[in-house]
Amino acid sequence: MPQAAPELTRRRQCLPRMQGAAAPRGQGQSLSKMDTLGRPWVILLTYVLAALELTCLFMQFSILPYLSRRLGMDSVAFGYLQTIFGVLQLLGGPVFGRFADQHGARAALSLSFVAGSALYLLLATACSPALPGPFLLFASRLPGALMHTLPAAQMVITDLTAPAERPAALGRLGLCFGVGVILGSLLGGTLNTECGIHCPAIVALVANLLGAILSVTCIPASTKGAPVDAQATPPARPGPPASEQRPAWTGEPKASVFDLRAITRLLLLPGVLPVFLIKVVSGFPSGLFMVMFSIISMDFFQLEPSQAGYLMSFFGVLQMVVQGLVIGRLSSHFSEEALLRAGVLVFMVVGLGMALMSTVLHFCLLVPGLVFSLCTLHVVTDSMLTKAVSASDTGTMLGLCASVQPLTRTLGPTLGGLLYRSFGVPVFGQVQFAVNFFLFLVLWRKPMSQKRDKAW
């Protein structure tokens, strides 16, 4: 018996190596590369890539109105252009998320940057007088269906952070968004004025090609295989019937990325649908207001273009501070459900103030509360939803979350225009107060923590 102890110890030491040798080939490679780069460097690079893509996106937003006017397009055609982009991103978000789950975050980031390169290439060619500009401008919206760098970055961060650290890590993407708003708008206007309207599109094209190269060479092939401390056990979720289950060793192809049943199945998991509905409904009235803000700033607030730009910069700086710094610290002291209730409550107060405001000074006083609610709603619901699904479905869930803003941009111009023309600016605050008051009552009477604890 004493001689058997060393033999037993040797076998136990060899067992992890045997298990590692039997691991899937792709996962072993991803873990090896993860050990080489280190998770902090991968997360930092992900933040840089997200800021790069958002900067390019706001660069093209800053020149798009001037380019459409130069091509002879009226406001109706420009509205169609915006609606097409919103619809394509709305439809492409869940499909892109499912692609990320099946092929990994590196493939998803690379695909997003390649699609962005195609968009900016078409946008640059639309600036040429010798080519059919309006046709190329509308064609440049098509790659937008696959431009989802932010959800892909969220997927990387979700896979590489522990659940307790996830709200703070996702919240830091707000810094990337603020950098994109400020730097993209500044670069777009400056390059347009100094070098011509085609210059921002060319710079964005080069930046996206660089982003694609960095994604391919520096991001691990599969971040889902990376070890994460204190990883929560995924909830039990209903699987397909026994007749539809296939052994993993059969080598049969996976379900298509366009499988709608696999996408909508996530919404039926315990604790998912209520949070997702809150994410959609709570911020929708303020989203309508922000879609109509350019018109409201001219007609209601009587602002000059430069003054409206300063106000949007103020909005962007506040978003950087709140989402990048405040949300992370609050998440370490309060539960996600408490933060969600606080966001809905502040939405109510801001909605009441918007219904009564009459000057731009009143709106400036309401902006911090509005930004806090928007950031809290975005970060906390994303974190809660990714925790409610298994690690293999986080990309699909983040793709569904990414479709919420395109939904607002799609319905916003028409619905917001009708409300503004019929009832004026106060209607946005009234609707926001009413919707969030109802949601607050639901959250107060039916806490989600019990259901979530049972699911986890």
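Cut-off values and rules
Residues numbered from 1 in each chain as written. Predicted model: local features only at pLDDT ≥ 70, side-chain atom pairs only at ≥ 80, totals over all residues. Heavy atoms only, no water. Helix = DSSP H or I, 4+ residues; strand = E, 2+ residues; numbered from the N terminus. Buried < 20%, exposed > 50% of the residue type's maximum accessible area, 1.4 Å probe, protein only. Contact = heavy atoms within 4.5 Å. Areas by Shrake-Rupley, 256 points an atom, 1.4 Å probe, with all protein chains shown as cover. Phe/Tyr/Trp six-rings, centres within 6.5 Å; stacked < 30°, edge-to-face > 60°. Patch = residues over 30% accessible without salt bridge, like charges linked within 9 Å, V, L, I, M, F, W, Y side chains within 5 Å. Salt bridge = Lys/Arg side-chain N within 4 Å of Asp/Glu carboxyl O. pLDDT = per-residue confidence, 0-100. Axes fitted to C-alpha atoms, helices over the stretch in contact; angles between N-to-C directions. Parallel < 35°, antiparallel > 145°, perpendicular 65-115°, else oblique. Left-handed = near helix turned anticlockwise from the far one by under 90°. Nonpolar A, V, L, I, M, F, W, Y, C, P; charged D, E, K, R; others polar. Core = buried A, V, L, I, M, F, W, Y, C linked by side-chain atoms within 4.5 Å. Polar contact = N/O pair within 3.5 Å; in protein donor to acceptor, adjacent residues only side chain to side chain.

### Some details on the overall build of the chain
Check the secondary structure of the chain and you find 21 helices and zero strands. Evaluated residue by residue, the chain yields a buried proportion of 49% over its 456 residues. Counting only contacts in the chain whose residues sit at least 6 apart along the sequence, the fraction spanning at least 24 positions is 87%. In the structure as shown, the chain presents an accessible area of about 22,200 Å², 69% of it carried by carbon and sulfur atoms.

### Overview of the packing of aromatic side chains
Evaluated as defined, the whole model comprises eleven aromatic pairs. An aromatic cluster is defined as three or more aromatic residues linked by ring pairs; in this entry it consists of Phe 289, Phe 293, Phe 300, Phe 301, Phe 363 and Phe 428.

### Side note on a nonpolar patch on the surface
On the surface, a nonpolar cluster with roughly 350 Å² of combined accessible area is contributed by Ile 182, Val 317, Val 321, Leu 325 and Val 326. Of the residues examined, Val 321 reaches a relative accessible area of 38% and is grouped as partly exposed.

### Let's talk about the confidence of the model for the chain
With 80% of its residues at a pLDDT of 70 or more, the chain has an overall mean of 78. Element-level mean pLDDT values for the chain span from 42 in helix α2 (residues 25-37) up to 93 in helix α10 (residues 199-218). Between residues 4-37, whose pLDDT stays under 50, and residues either more than four places distant or in other chains, the model counts 20 contacts. The low-confidence segment residues 450-456, where pLDDT is below 50, has nine contacts with residues more than four positions distant or belonging to other chains.

### Quick notes on the packing of helix α3 (residues 39-70) against α10
One way to put it is that α3 packs onto α10 with a least axis distance of 10 Å and a crossing angle of 160°. It follows from the interaxial angle that α3 and α10 lie roughly antiparallel. Crossing of α3 over α10 shows left-handed handedness. For the pair α3 and α10, contact is made by Leu 45, Leu 49, Leu 52, Glu 53, Cys 56, Met 59 and Ile 63 and by Pro 200, Ala 201, Val 203, Ala 204, Ala 207, Asn 208, Gly 211, Leu 214, Ser 215 and Cys 218, respectively. For the contact of α3 with α10, the class distribution of residues is 13 nonpolar, three polar and one charged.

### Notes on the nonpolar core
Counting 82 residues, the largest nonpolar core has Phe 289, Phe 363 and Phe 428 as its most contacted members. Examining the composition of this core, we find that twelve residues originate from one element, helix α17 (residues 360-387), more than from any other. Listed in part, the 24 residues of the second largest apolar core include Leu 64, Leu 119, Leu 136 and Leu 205.

### With respect to the environment of Glu 337
Tracing the sequence through the fold places Glu 337 in helix α16 (residues 336-356). For Glu 337, a relative accessible area of 11% gives the class buried. Considered as a pair, Glu 337 and Val 275 are 62 residues apart in the sequence and their alpha carbons are 9.9 Å apart.

### Some details on the side chain of Thr 386
Its place among the elements puts Thr 386 in helix α17. At 2.9 Å, the side chain of Thr 386 forms a polar contact with the backbone oxygen of Ser 383. If we skip the residues at most four places from it in the chain, Thr 386 touches Thr 158, Arg 166, Thr 394, Met 397 and Leu 398.

### Describing the side chain of Ser 373
Here Ser 373 shows up in helix α17. Of the residues examined, Ser 373 reaches a relative accessible area of 0% and is grouped as buried. Setting aside residues up to four positions removed in sequence, Ser 373 forms contacts with Gly 343, Val 346 and Phe 347.

### What to know about the packing of α16 against helix α20 (residues 426-445)
Across the interface, α16 lies against α20 with an axial gap of 7 Å and an inter-helix angle of 150°. Between α16 and α20, the angle falls in the class roughly antiparallel. In the crossing of α16 with α20, the sense of the turn from one axis to the other is left-handed. Taken together, the residues of α20 that come into contact with α16 (itself represented by Glu 337, Leu 340, Arg 341, Val 344, Leu 345, Phe 347, Met 348, Val 350, Gly 351, Leu 352, Met 354 and Ala 355) are Pro 426, Phe 428, Gly 429, Gln 430, Gln 432, Phe 433, Asn 436, Phe 437, Leu 439, Phe 440, Leu 443 and Trp 444. Of the residues belonging to the contact of α16 with α20, the class tally is 17 nonpolar, five polar and two charged.

### Describing the environment of Ala 105
With respect to the helices, strands and loops of the structure, Ala 105 is situated in helix α5 (residues 105-126). Residue Ala 105 is classed as buried on the basis of its relative accessible area, which comes to 0%. With sequence-adjacent residues up to four places away left out, Ala 105 is seen in contact with Ala 100, Met 155, Val 156, Ala 221 and Thr 223.

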